[in-house]
Structure formats: C-alpha cells, structure tokens
Amino acid sequence: MTRKIRVYKETLAAIRPFRIADHVWYDFPCTICEIEQDGYVGRGEAHGVYYLGETPKSMQQQLESVAEQICAGATREQLLEILPPGGARMAADSALWDLQAQLRGVDAWTIAGVKPQPVQTVFTIGLEKTAAEMRAKAVEASRISLFKVKLDNDLPVERMEAIRGARPDAALVVDVNEGWNIDELKEYAPALHKLDVLMIEQPLPRGNDADLEGLDCPVPLCADESCLHLGELEDILPRYQMVNIKLDKAGGLTHGLQLASAARAQGLTLMVGCMSGTSLSMAPSHVIAQLCDFVDIDGPLLIKKDHDGGLIYDDGVVSVPKKRFWGQPIKP
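Given the structure is predicted, the values throughout are model-derived calculations rather than measurements.

## Structural notes on the side chain of Lys-137
Inference 1: As for its placement among the helices and strands, Lys-137 is situated in helix 6 (residues 131-140).
Inference 2: Residue classification places Lys-137 among the buried positions, given a relative accessible area of 13%.
Inference 3: Not counting chain neighbours up to four residues away, the residues in contact with Lys-137 comprise Arg-16, Ile-125, Gly-126 and Glu-128.

## Considerations on empty space enclosed by the protein
A water-sized probe rolled over the atoms picks out the places where empty space is left.
Inference 1: Considering all chains together, one arrives at 1 cavity of 30 Å³ or more under this definition.
Inference 2: Approximately 40 Å³ is the volume found for the largest cavity.
Inference 3: Surrounding the largest cavity, Met-90, Lys-246, Leu-247, Asp-248, Gly-273, Cys-274, Met-275, Ser-281, Met-282 and Ser-285 form its lining.
Inference 4: Elements represented by at least two residues in the lining of the largest cavity include exactly helix 10 (247-250) and helix 12 (279-289).
Inference 5: Among the elements that take part in the lining of the largest cavity, helix 12 stands out by supplying 3 residues, more than any other.
Inference 6: A breakdown of the residues in the lining of the largest cavity according to their chemical character gives 5 nonpolar, 3 polar and 2 charged.

## Observations regarding the sheet that holds strand 1 (residues 3-20)
Within a sheet, adjacent strands bond to each other through the backbone by hydrogen bonds, running parallel or antiparallel.
Inference 1: Within the open sheet, the 3 strands sit side by side as 1-2-3. Their pairing is antiparallel. Looking at the sheet topology across the chains shown, the edges are occupied by strand 1 and strand 3 (40-46). Shown here is a sheet whose adjacent strand axes are inclined to one another by a mean of 20°, direction ignored.
Inference 2: Two strands pair when backbone bridges link them, and strand 1 and strand 2 (residues 23-37) are joined in this way by 14 bridges, in the antiparallel orientation.

## Considerations on the state of the cysteines
Inference 1: One pass over the structure, following the stated rule, counts 0 disulfides.
Inference 2: As a non-bridged cysteine, Cys-71 has Cys-33 as the owner of its nearest cysteine sulfur, 9.2 Å distant.
Inference 3: Here Cys-292 is not cross-linked by a disulfide; its sulfur's nearest cysteine counterpart is in Cys-222, at 10 Å.
Inference 4: Relative accessible area serves as the criterion here: at 14%, Cys-292 is assigned to the buried category.

## Looking at the pattern of salt bridges
Inference 1: A complete count under the given rule lists 19 salt bridges for this structure.
Inference 2: Between Lys-246 and Asp-224 there is a salt bridge whose closest N-O contact spans 2.8 Å. Placement of Lys-246 in strand 10 (residues 242-246) and of Asp-224 in the loop between strand 9 (221-223) and helix 9 (233-236) is noted, with a sequence separation of 22 residues between them. For the pair Lys-246 and Asp-224, one class covers both residues: buried.
Inference 3: Beyond isolated ion pairs, a larger network of salt bridges with shared partners links Lys-148, Lys-150, Asp-175, Glu-201 and Asp-296.

## Here's the deal with unusual backbone geometry
Inference 1: Notably, Asp-196 is not glycine yet its phi reads approximately 60°, a positive angle.
Inference 2: Looking at where Asp-196 falls in the secondary structure, it is placed in the loop between helix 8 (182-194) and strand 8 (197-201).
Inference 3: A positive phi angle, close to 55°, is found at Asp-315, a residue other than glycine.
Inference 4: Inspection of the secondary structure puts Asp-315 in the loop between strand 13 (312-314) and strand 14 (317-319).

## Section: the pairing of strand 2
Inference 1: Taking the residues between adjacent antiparallel strands as the criterion, strand 1 and strand 2 are bridged by 2 residues.
Inference 2: Here strand 2 pairs with strand 3 via 7 bridges, running antiparallel. Of the residues in strand 3, the one forming a bridge with Glu-34 is Arg-43.
Inference 3: Here strand 2 hands over to strand 3 after 2 residues, with Asp-38 in that stretch at a positive phi of 55°.

## Digging into the pairing of strand 10
Inference 1: Of all the 5 residues making up strand 10, 5 are buried; the element is thus mostly covered by neighbouring parts of the structure.
Inference 2: Side chains Met-242, Asn-244 and Lys-246 of strand 10 all project onto a buried face; the interleaved residues Val-243 and Ile-245 project onto the opposite face, where all are buried too.
Inference 3: In this structure, strand 9 lies alongside strand 10, joined through 2 bridges in parallel fashion. Note on strand 10: the bridge partner recorded for Ala-223 is Val-243.
Inference 4: The pairing of strand 10 with strand 11 (residues 269-273) spans 5 bridges and is parallel. Within strand 11, the residue paired with Ile-245 across the bridge is Val-272.

What counts, and where the lines are drawn
- Residues numbered from 1 in each chain as written.
- Predicted model: local features only at pLDDT ≥ 70, side-chain atom pairs only at ≥ 80, totals over all residues.
- Heavy atoms only, no water.
- Helix = DSSP H or I, 4+ residues; strand = E, 2+ residues; numbered from the N terminus.
- Buried < 20%, exposed > 50% of the residue type's maximum accessible area, 1.4 Å probe, protein only.
- Contact = heavy atoms within 4.5 Å.
- 1 Å grid on protein atoms, 1.4 Å probe; cavity = no way out; pocket = protein on both sides within 12 Å on 5 of 7 lines; lining within 4 Å.
- Points joined across faces, edges and corners; volume = space filled by probe spheres on them.
- Nonpolar A, V, L, I, M, F, W, Y, C, P; charged D, E, K, R; others polar.
- Pairing = 2+ DSSP bridges.
- Axes fitted to C-alpha atoms, helices over the stretch in contact; angles between N-to-C directions.
- Disulfide = S-S within 2.5 Å.
- Salt bridge = Lys/Arg side-chain N within 4 Å of Asp/Glu carboxyl O.

Okay, here's the thing in structure tokens:
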C-alpha cells in the first residue's frame, strides 16, 4: 500500500459578515486534506476551533507532523491516538472516511450503520445591530421553518420577540456563544420560554458554568463550547440537557460517533453543529445527523459558493447528491 497526502488552505467568502456574541467573520478560512491510495483520493475539510486558537497554519503543521504515519497506512482508529481532538484530525479523519468508502465500494453512511436520509437543518440568523434587521432575515427566509438565532446580552428578548412576531410558524432555538452570566440567563429564560424557544445553546462561558448545576431552567440548555469531545462529557451531565457535537471540536466523524453514542446513553438530547464550511465539511456531519434530534449544518448557505455537486439544500432540508461527492463509492 502506498499513500500520498496533500494539505492546503482555502478561504471561503461569506455572503455577508457573520456575527456572534464574541466574533465576526468576513470569510471562512479552512484546511483541506487529501489522501491518495490505489488511484483513489479521499478528501476532508476542517475549519478548526477558533476560540482555541486553531488556524489553517496550525492545522497544516499538525497534519505534516503525522504525515509519515498517515502515508504508512494509519487507520481512522489509529488517528485517534496520533492526533488530538480538533480541526487537523477532523480533516484527516474525513479524508479517510471518503477514501474507505471508495476502496470498499460502500458509502460512509452504511459504514457508520445509518441510512443517508434527508435531514432538516436550522438556518442561522446572525447577530445584527438591531432587532429589525434580524426580523427582516427571518421574513426573507420565508420558506425556512427552523431558525437558530445568535444572541448576546443586548436586548435578546426584544430581538426574539421581533422574530417570533414575524414568524409565528417557525421553530426557534437560540445560541448565546458564552455571552451571558447566570443572572442574565435567569432573567431571559422565562421570556424565551413564553416565545416557544426550544433550547438555549451555551449561555455561560466555558469553564464558568458550574452555576447551571441544579438550575431549574424553563428552556433546555445545550452545551457547545463546554463539551469539545468525549473526555468532557461527564462534566456537562449535571448542567445541560443537550450537547452540540461539532466534528471540528471532536476531531472527526469517528470520534463524533463515539460521543453521540455515549451522550445518548446518558439521556442527553443530541445536536450536530458546524463551524461553517462547504458541503465537503457538512457531508460527514450529515452522517451523524441521522442520529440527532437537532441539525445545524447550514454552512454552505452562509458562503458565496459551495462545491458543484455537493449536498442538496432545499428549503432547509439537506439531502445527499445522487452523483458521487464525499463518502460515496465511485460507480462504474
């Protein structure tokens, strides 16, 4: 067996600036990993974990440090030992899933033990300067029925009232990205409950959410930044009712599936999320989405150009293309 590996950077232009509580993106830099074997090329894309300081350069350096082992035939399971959780492992793991599907002639969904069924993804409404701007986004996306709304501590209830007033039919979840403290959560949660908000994602900062233990919150709470991988699952059990599994955090689909199984066994509701990206990044997440209650893989809707022949987005429903893209065998 002879393998070759190639790692490079791409930059994805955003349709418009994308804002959350502590960050704004004008574009989305990503790392691409390609692994070639026996005439087949597996591809993977990762954006890394920005709040941990991951960059395309740091991910490329990590992958280059283990390139010899990957080229020597390291498996997805061995990758868990030679790379830590994070974007570098995500890119390589995704490439190995894609390569394995081609070599075995079986799609990645089947290898993972699931069927590639269409899933409904949220459409993310970024944090804008005014409630009216956020309301306008919800009105514009008139054919979308599930929204994830980014909030901070600047008039969050008023923003949600504006969106709910414009879209009484829509299902709403909110993501605070560590932007509140415990007193703010206690103040805002009852009002969000009255607005039929289904869950609040990461209200408090990572490492400073012990106050959630024993809290009787009227809206279910979802851990994102507070649970990067399986090693942190136990810590969130007394604090959260849900967990957002992002493959960039977990370090790929192989570990993400392990985390999903363990979290479900503990009674947590499952969500799969993303750090933005093209269909090449979303496709592995579409595999794990088959196991989840909430799906957030709308990354391609936030960028100017997705890959041709990528995942199919139709009014919030995401389907696998009929022609080969990622994780599918090459048909004769």
